[in-house]
Amino acid sequence: MIRQLTEKDRTLVMDFAGERPAENLFILGDIETFGFGGEPVMVWGDFNETGALISILLRYRDNFIPYAKHPDQLDGEAWSEVIKNNGKLRMLSGLKEMVERILPFIGQPPQDRKLCFYAKREDREVLDKESMRKDVKMLFPEEADKIVRLRASIPEFSEPKVDPADFQENMEKGISRTYYIEKNEEPVSAVSTTAETRRAAMIVGVCTKPGYKRRGYATSCLIKTIAALKAEHKEPCLFYNNPEAGSIYKKLGFEDIDQWMMASYRKIS
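This report concerns the structure included in the present document. (Residues numbered from 1 in each chain as written. Predicted model: local features only at pLDDT ≥ 70, side-chain atom pairs only at ≥ 80, totals over all residues. Heavy atoms only, no water.)

All right, on to unusual backbone geometry then. You will see that Glu185, though not glycine, has its phi angle at about 65°, which is positive. Locating Glu185 in the fold gives a position in the loop between strand E8 (178–183) and strand E9 (186–194). Phi angles above zero are rare outside glycine, and Arg214 is one such case at about 60°. In this structure, Arg214 sits in the loop between strand E10 (200–208) and helix H7 (217–231). (Helix = DSSP H or I, 4+ residues; strand = E, 2+ residues; numbered from the N terminus.)

Count 3.6 residues to each turn of an α-helix, and residues three or four apart come out pointing the same way. Listed in full, the buried residues belonging to helix H1 (residues 10–18) are Val13, Met14, Phe16, Ala17 and Gly18. In this structure, the buried side of H1 is in contact with helix H2 (25–34), strand E3 (53–60) and strand E4 (63–68). (Buried < 20%, exposed > 50% of the residue type's maximum accessible area, 1.4 Å probe, protein only. Contact = heavy atoms within 4.5 Å.)

With that settled, the discussion passes to the environment of Met138. When you line up the elements, Met138 lands in strand E7 (residues 136–138). For Met138, a relative accessible area of 45% corresponds to the partly exposed category. Between the C-alpha atoms of Met138 and Ser153, which are 15 residues apart in sequence, the distance is 20 Å. What Met138 contacts, discounting residues up to four positions off in sequence, is Glu143, Arg177, Thr178, Tyr179 and Tyr180.

It is worth spelling out the side chain of Asn63 at this point. Within the secondary structure layout, Asn63 lies in strand E4. In this structure Asn63 comes out as buried when scored by relative accessible area, which is 19%. Of note is the side chain of Asn63, whose polar atom sits 3.2 Å from the side chain of Ser93. Residues in contact with Asn63, not counting those within four places in the same chain, are Leu58, Met91, Leu92 and Ser93. (Polar contact = N/O pair within 3.5 Å; in protein donor to acceptor, adjacent residues only side chain to side chain.)

Let's shift gears to the packing of aromatic side chains. All told, the structure shown has 12 aromatic pairs when counted by the stated rule. Measuring from ring centre to ring centre gives 5.6 Å for Phe34 and Tyr60, while their planes differ by 35°; the resulting arrangement is tilted. Here the residue Phe34 occupies a position in helix H2, and Tyr60 occupies one in strand E3, the gap between them amounting to 26 residues. Accessibility expressed as a relative area gives 33% for Phe34, which makes it partly exposed. Its guanidinium or amino end placed over the ring of Phe167, Arg151 lies 5.2 Å from that ring's centre, counting from NZ or CZ. (Phe/Tyr/Trp six-rings, centres within 6.5 Å; stacked < 30°, edge-to-face > 60°. Lys NZ or Arg CZ within 6 Å of the ring centre and 35° of its normal.)

That's the geometry; what it means functionally is another story.
Structure (structure tokens):
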């Protein structure tokens, strides 16, 4: 039986998804930030005949994310009906096996489909902070435009554009932070987090300005970020699809845990 979940179900859902805090970073983060009010987040649960929760689906605006502890308990056809009947579908994303159970029942092929590796770093992993440069700084919220300009100067980060006001607001809310290295009073390398929850954080925006690469700048920013998250007992996680980047992350203790799929659509009512 599928039903919409409410604030009364918070403990049930957070315990259910919280067993895998990195894999469910977006689900947990959206609930922590927005609750179950209906806008911009709605959450549904599927319960078996004994009343046990077996899978969930979260909608954030027009993006839907499914999750089940056991993928074979995720009813792709039933969830496709919920998706089609609630809101406008722009994106279906999540762990690859979960998304693939729903895709055949959506009624039309996605406009685009992307797949990347999903990695996390266990808190118990030892971190070698001795190799970190000493000139890594933490960005203050009011300095957000510095990192926006840095990313805009790097071809692979030029799109989509980042709004400095949104970037600053996320830092002020405590769901994002940035560490960077500066040369000639301008950032040349940086690492950010996003969607931070009580137990995990997504690492994004790992970048170095052309002319400053292969000097260990990004690695130092990563080590500083990991150390800060580790001190708060948060699991760092990240997406990547570049094998060279993947080898750097693995040297720092990240391990592939799954693949993340993003299927995008022109809005389906």
